[in-house]
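What follows is each chain in one-letter form.
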Amino acid sequence: MSRLDVTETFHGISFPGHLHTQDSLQLAVQFHFQDTDILIVSYPKSGTTWMQELVTLVCSRGDPHLCWTVPNWTRAPWLEQYYCAAVLEAQSTAPRLITTHLPYHLLHTAIQDSKAKVIYVSRNPKDVAVSFYHFHQMANFLPDAGSFPEFLDGFLEGTLNFGSWFDHVIGWTQTKAVENLLHVTYEEMSLDPHGTIKKVSLFLQRPLGKEEIDHCVKHCSFKSMKDNKMINYTLVPQEIMDHSKGSFMRKGEIGDWKTLFSEEQSRHFDSVFSSKMQQSSLEFLWEKPNDEEPRVEQQLPQNNTEQKK
Ligand code: PPS
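Predicted, not measured: the structure shown is a model, and the values here were computed from it.

**Student:** Give me the site of the ligand: which residues, what numbers.
**Tutor:** In the vicinity of the ligand, 21 residues are found, and the nearest of them are Thr48, Thr49, Ser131, Tyr186 and Lys251. With respect to the ligand, the side chain of Trp50 contributes an N or O atom lying 3.2 Å from a nitrogen atom. Between Arg250 and the ligand, the recorded distance is 2.8 Å, taken from a side-chain N or O atom to an oxygen atom. Relative to its unbound accessible area of 640 Å², the ligand is 97% covered by the protein chains. Counting residues per element, the ones that place at least two in the shell around the ligand are α2 (48–59) and α13 (222–226). The element best represented in the shell around the ligand is α2, accounting for three residues.

Here's what the structure looks like:
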């Protein structure tokens, strides 16, 4: 299946036709979750792959064997991609680890009565936009990104592939969206890997010892993952992902948006953010705390997320 130039539009959202079909999207929204399933949910470029690695390691108590021998799309397939059903069918052991970029409003019917454990991963949307922009340069299954200002407009308007970041985050993190949901941010994974792994392991009811947590931290570090072909997408043929134009494991930093955003773009982004996130009760810690007070984007009541440390 190549279909590099095909875009599938499903419920008004564009998806790359290379891995998505109308059938695969329809199957996803009707999926029957098992109570033992673990579902990683994210808007693209928010730390999905990192969480796939982290959860794989937590489930193996820090043993990297699976991470080094099985590609991430086989051990944690994307629910909406065409090969998912076959991969899950071939798996005999629980828990099934499944990934999705679908927004809540498309998946809520399938997930609402399930006891599956959902881990929602979010990231500073400015960093998401920059990472996604660079990814468009190398991923031949995504449309031409255009200039960065054009791309940023598309991001803010929600017209890029996978839809609106704002709808995605608001939908999945609203109160009682899902019974068992843990919200983890890219930033806390970066700033407090030990604490994050402990938190994820407790959520999955697989508490780990200190040494096991140390192993998880080591094997899901940026450096370790960048060198691991099971997760760095170098197994994907050049005509699909052009590695001469960039790396999937690109920088792995907090705040890289500052390299591309102008001051004016940043101000505009902040004002769109404030207006679109008015109804959200999330608090975000997006800057590395130094001597100053960390920058908190919004301070409203907390809902079912657990990202305050
Ligand atoms: S995708 O295509 O949606 O699955 O992409 P996703 O995995 O969500 O996001 C890719 C970005 O995550 C960074 N990444 C990491 N950063 C720090 N540490 C680790 N271990 C790590 N693993 C992945 C990856 O480099 C992409 O971010 P950018 O900013 O482009 O480097």
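**Student:** Give me the lowdown on the pattern of salt bridges, citing residues and values where you can.
**Tutor:** For the structure shown, the criterion picks out 13 salt bridges. Residue Arg75 is joined to Glu53 by a salt bridge in which the shortest nitrogen-to-oxygen separation is 2.9 Å. In this pair, Arg75 sits in helix α4 (residues 72–75) while Glu53 sits in helix α2, placing the two residues 22 residues apart along the sequence. Per residue, the accessibility class of Arg75 equals that of Glu53, and both read buried. For the salt bridge of Glu188 with Lys199, the shortest nitrogen-to-oxygen distance reads 3.0 Å. Taken together, the positions of Glu188 in helix α10 (residues 186–191) and Lys199 in helix α11 (residues 193–203) put the pair eleven residues apart, joining distant regions of the chain. Given a relative accessible area of 18%, Lys199 falls into the buried group. Salt bridges linked by common partners bring Arg250, Lys251 and Asp256 together as one network.

**Student:** Explain the packing of helix α9 (residues 165–173) against helix α14 (residues 263–276) residue by residue, including any values.
**Tutor:** It is the contact of α9 with α14, at a shortest axis distance of 11 Å, that shows an interaxial angle of 35 degrees. Judged by the sense of rotation from one axis to the other, the crossing of α9 with α14 is right-handed. Along the contact surface, α9 presents Trp165, Phe166 and Ile170, while α14 presents Val272, Phe273 and Lys276. Its residues assigned to classes, the contact of α9 with α14 comprises five nonpolar, no polar and one charged.

Conventions we followed
- Residues numbered from 1 in each chain as written.
- Predicted model: local features only at pLDDT ≥ 70, side-chain atom pairs only at ≥ 80, totals over all residues.
- Heavy atoms only, no water.
- Near = heavy atom within 4 Å.
- Polar contact = N/O pair within 3.5 Å; in protein donor to acceptor, adjacent residues only side chain to side chain.
- Areas by Shrake-Rupley, 256 points an atom, 1.4 Å probe, with all protein chains shown as cover.
- Helix = DSSP H or I, 4+ residues; strand = E, 2+ residues; numbered from the N terminus.
- Salt bridge = Lys/Arg side-chain N within 4 Å of Asp/Glu carboxyl O.
- Buried < 20%, exposed > 50% of the residue type's maximum accessible area, 1.4 Å probe, protein only.
- Axes fitted to C-alpha atoms, helices over the stretch in contact; angles between N-to-C directions.
- Left-handed = near helix turned anticlockwise from the far one by under 90°.
- Contact = heavy atoms within 4.5 Å.
- Nonpolar A, V, L, I, M, F, W, Y, C, P; charged D, E, K, R; others polar.

Keep in mind that these numbers describe shape and distance, not what the molecule does.
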